[in-house]
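Letter by letter, the chains look like this.
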Amino acid sequence: MTWPRVDDLRTIEFGSPGALRTQLTDLVLRGQKRATAGLRIEYEVDGERLERVGEVLAVLGNDGEPVGTIEVTQVDVVPFDQVTWEFADAEGEGFTDIDDWRAQHRSFWEGFSAKRIQAHLGDAQWSIRGDTEVVCVWFRLLDSGASADAAD
């Protein structure tokens with residue numbers, strides 16, 4: 001699967017479709033959410049490369065339409081048990097501490113991504129472990145308008 005594009009920009013969607021995506025996208029557009037995380041294996045499953053520093057991404061809303069643009073400022077790949085509180089706090093989602101971040105992300109990924117990952121790996125027992133690689137992407141908001149055209 002190749003991620004969709006808007007003009008010449010790769011796209012990014014925050015959270016799963018529905019209320020979660022609406023909430024997280026709103027945090028991005030208000031400038032509160034400055035980072036996002038994904039599992040490294042998800043990139044492999046989706047056949048996509050990691051984000052790159054300086055890359056501009058179109059932010060898509062629930063309807064698949066661009067609602068803004070962000071610029072990637074830092075990308076780190078770290079084991080799940082080494083994600084820092086600094087990063088978790090920059091996600092801007094109201095986590096109380098790093099243990100809260102880990103518990104909520106484990107629950108989300110094992111509920112939302114595990115079946116695709118298990119099928120890809122051929123391992124029905126796969127689950128997140130302390131050494132599971134997490135891609136931590138830091139970004140800054142470039143445009144919170146209704147179109148990604150401002151980034152061209």
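Residues numbered from 1 in each chain as written. Predicted model: local features only at pLDDT ≥ 70, side-chain atom pairs only at ≥ 80, totals over all residues. Heavy atoms only, no water.

Trainee: Looking at this structure, how should I read the nonpolar core?
Mentor: Proteins that are soluble and globular tend to have nonpolar side chains buried together. Leu-39, Val-83, Phe-87, Trp-101, Trp-109, Trp-126 and Val-134 are the most contacted members of the largest nonpolar core, which has 21 residues in total. Within the residue set of this core, elements represented by two or more residues are strand S3 (35-39), helix H2 (40-46), helix H3 (85-90), helix H4 (98-112), helix H5 (114-121) and strand S6 (133-143). Sequence-distant contacts of Phe-87, that is, excluding residues within four places in its chain, are made with Ala-35, Thr-36, Ala-37, Trp-101, Cys-136, Val-137 and Trp-138. Core analysis: the next-biggest nonpolar cluster, separate from the first, contains 13 residues, Phe-14, Leu-24, Leu-27 and Val-59 among them. (Core = buried A, V, L, I, M, F, W, Y, C linked by side-chain atoms within 4.5 Å. Buried < 20%, exposed > 50% of the residue type's maximum accessible area, 1.4 Å probe, protein only. Helix = DSSP H or I, 4+ residues; strand = E, 2+ residues; numbered from the N terminus. Contact = heavy atoms within 4.5 Å.)

Trainee: Can you walk me through the pairing of strand S5 (residues 66-79) in this structure?
Mentor: In this sheet, S5 lies alongside strand S4 (residues 56-60) in antiparallel orientation, the contact comprising 5 bridges. Paired with Leu-57 across the strands is Ile-70, a residue of S5. Hairpin connection, S4 to S5: the antiparallel pair is bridged by 5 residues, and Gly-64 has positive phi, about 80 degrees. The pairing of S5 with S6 spans 10 bridges and is antiparallel. Among the inter-strand pairings, Thr-69 is bridged to a residue of S6, identified as Asp-143. (Pairing = 2+ DSSP bridges.)

Trainee: Any chance you could explain the environment of Glu-51 here in plain terms?
Mentor: Positionally, Glu-51 belongs in the loop between H2 and S4. Residues Glu-51 and Val-77 lie 26 residues apart in sequence; the distance between their C-alpha atoms is 11 Å. A polar contact of 2.6 Å, which involves the side chain of Glu-51, links it to the side chain of Tyr-43. (Polar contact = N/O pair within 3.5 Å; in protein donor to acceptor, adjacent residues only side chain to side chain.)

Trainee: Even after reading the chapter, I still don't get the sheet that holds S5, so can you show me in this structure?
Mentor: Hydrogen bonds between backbone atoms are what pair the strands of a sheet, whose relative direction is either parallel or antiparallel. The 6 strands are arranged S1-S2-S4-S5-S6-S3 in an open sheet whose pairing can be described as mixed. Each edge of the open sheet is held by one strand with a lone partner, namely strand S1 (5-6) and S3. Along the sheet face, H4 touches S3 and S6 and points at about 50 degrees away from the line of S3. (Axes fitted to C-alpha atoms, helices over the stretch in contact; angles between N-to-C directions.)

Trainee: Can you help me understand the side chain of Gln-118 in this one?
Mentor: When you line up the elements, Gln-118 lands in helix H5. A polar contact is formed between the side chain of Gln-118 and the backbone oxygen of Trp-126, at a distance of 2.9 Å. With near-sequence residues (within four places) excluded, Gln-118 lies in contact with Asp-123, Ala-124, Gln-125 and Trp-126.

Trainee: Would you explain the pattern of salt bridges in this entry?
Mentor: Considering all chains together, one arrives at 12 salt bridges under this definition. The network of salt bridges with shared partners includes Arg-10, Glu-48, Arg-49, Glu-51 and Glu-55. (Salt bridge = Lys/Arg side-chain N within 4 Å of Asp/Glu carboxyl O.)

Trainee: Explain H4 to me, please; I cannot follow it from the model alone.
Mentor: An α-helix turns once per 3.6 residues; consequently, residues spaced three or four apart project the same way. Its 15 residues place the ends of H4 21 Å apart at the C-alpha level, agreeing with the 21 Å of an ideal helix rising 1.5 Å per residue. Looking at H4, one finds that the buried residues are Ile-98, Asp-100, Trp-101, Arg-102, His-105 and Trp-109. Buried residues along H4 sit in contact with S3, H2, H3, H5 and S6. A side-chain oxygen of the first residue of H4 lies 3.1 Å from the backbone nitrogen of Asp-99; this N-cap is Asp-97. (Expected span 1.5 Å × (residues − 1).)

Trainee: Just to check I follow, could you spell out helix H1 (residues 19-29) for this structure?
Mentor: Within H1, the full set of buried residues consists of Arg-21, Leu-24, Thr-25, Leu-27 and Val-28. Along the axis of H1, the buried residues cluster in a sector spanning 155 degrees; they form a single face. Where H1 is buried, its residues contact S4, S5 and S6. Directly beyond the C-terminal end of H1, a positive phi value near 85 degrees is found at Gly-31. (Arc of directions from axis to C-beta.)

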